[in-house]
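One-letter residues, chain by chain:
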Amino acid sequence: MSVNLSLYLASKSPRRKEILEQLGFNPIVIASNDHTLRNFQGDEVQLPGESPEDYVVRIAREKALIAFEKIRRENRPMLPLLSADTTVIVDRDILGKPDNEQEAYSFLERLSGRVHEVRTAICVGTSENNLKQAVSISEVRFKTLSHEEISTYVQTAQPYDKAGGYGIQGLAGAFISEIKGSYSGIMGLPVFETCELLKSFGLDLFKR
C-alpha cells in the first residue's frame, strides 16, 4: 500500500520545493500569488528587542498561520503543511535578502574571511493547534573575498532572493571554505529535521 506523500509548502522558494521533490514528496505550493501572503513576505522585519533566534522561529510560524488561512478560505483538503524561514546571522545582526547591488556588496564584505551562523526554522502541522517546529543551526566559513570576486558576484542574479545575499548551491559555493552543520539547512530546508517532522504527521518516506 502506497503512502500519500503530498503536503502543502508555505514557501515560494524553488530550492525548498526542489529538495522536497528530490526526497520523493509531492509539495503543493500554497504561497503562490496570494495578496495577503505577498504583503506578509514584504514585511519580514525584526521586532524591537527580538533576538535572531526568536525571529527565525516567529517568521516560520507566521508563514504557516497565514497559509492555513488560505487553505480554509479556498476549502482545500487537509494535508500536512510545511513552512520555513532561513536567517543568516553575523555579529548578532540578521542579514536578510539584499535589496540592491550596494547592499549585497556590503553583506559579502561582512561575511568575508570569517564564520557566520545560518539558522533555518521549520514548522509542520495540519492546523494551528498542532504545529511542531525544529531549528537547524549551521556555521559557514567564507574565505577572504577580493573586491573583484564580490563585484562580479553581485552583478549576477544570485544574491537577490537569498538570505545573506548568497546561496551555497550556486556561484557563492566557491567562497565557502568550511561548513559545520546541515548543507541542506543552509540551502533553506534541513532534510533531517524536515523528514522527522513530516514523519510525525504520517509522511514517512520509508513506509510504502
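See the structure shown above.
So, here's what we can say about the structure. The residue count restarts for each chain, going from 1 along the sequence in the order it is written. Totals for whole chains, interfaces and linings use all residues, but because this is a predicted model, local features are given only for residues with pLDDT of at least 70 and pairs of side-chain atoms are given and counted only at 80 or more. Side-chain descriptors were evaluated using all non-hydrogen atoms of the structure, hydrogens and water having been removed beforehand.

Because the α-helix completes a turn every 3.6 residues, residues three or four places apart line up on one side. Along helix α5 (residues 147-154), the positions that sit buried rather than exposed are I150, S151, Y153 and V154. Viewed along the axis of α5, the buried residues span an arc of 165 degrees, placing them on a single side of the element. Note on exposure labels: buried denotes an accessible area under 20% of the residue type's maximum, exposed denotes more than 50%, and partly exposed covers the range between, all computed with a 1.4 Å probe on protein chains only. Elements are defined by DSSP. Helices are runs of H or I of four residues or more, strands are runs of E of two residues or more, and each kind is numbered from the N terminus. Arc definition: it is the arc formed by the directions from the helix axis to the C-beta atoms.

Quick look at the packing of helix α1 (residues 14-23) against helix α7 (residues 191-199) now. Taken N-terminus to C-terminus, the directions of α1 and α7 make an angle of 65 degrees; their axes are 12 Å apart at the nearest point. Taken together, the axis directions place α1 and α7 in an arrangement best described as roughly perpendicular. The chirality of how α1 crosses α7 is right-handed. Along the contact surface, α1 presents I19, L20 and L23, while α7 presents V191, T194, C195 and L198. Here the contact of α1 with α7 is built from residues that sort into six nonpolar, one polar and no charged. For every element, the axis is a line fit to its C-alpha atoms; helices are fit only across the contacting stretch, and the angle between N-to-C directions ranges from 0 to 180 degrees. Angles are sorted into four bins: roughly parallel if under 35 degrees, roughly antiparallel if over 145, roughly perpendicular if 65 to 115, and oblique for all others. Left-handed describes a crossing whose near helix is turned anticlockwise from the far helix through less than a right angle; right-handed describes the clockwise counterpart. Throughout, a residue-residue contact means that at least one pair of heavy atoms, one from each residue, lies within 4.5 Å. Amino acids are sorted into nonpolar (Ala, Val, Leu, Ile, Met, Phe, Trp, Tyr, Cys and Pro), charged (Asp, Glu, Lys and Arg) and polar (every other residue, Gly among them).

Taken as a whole, the largest pocket holds about 590 Å³ of empty space. Note on definitions: the grid is 1 Å and covers protein atoms alone; a cavity is a set of points where a 1.4 Å probe fits but cannot get out; a pocket is an open set with protein on both sides within 12 Å along at least five of seven lines; lining residues have an atom within 4 Å of a point. Lining of the largest pocket is provided by 31 residues; of these, D85, T86, K97, K162 and A163 occupy positions nearest its centre. Elements supplying a minimum of two residues to the lining of the largest pocket: α1, α3 (52-73), β3 (81-90), β4 (93-95) and α6 (183-187). Ranked by residues supplied to the lining of the largest pocket, first place goes to β3 with four residues. Grid points are joined across faces, edges and corners, and a volume is the space filled by probe spheres set on the points.

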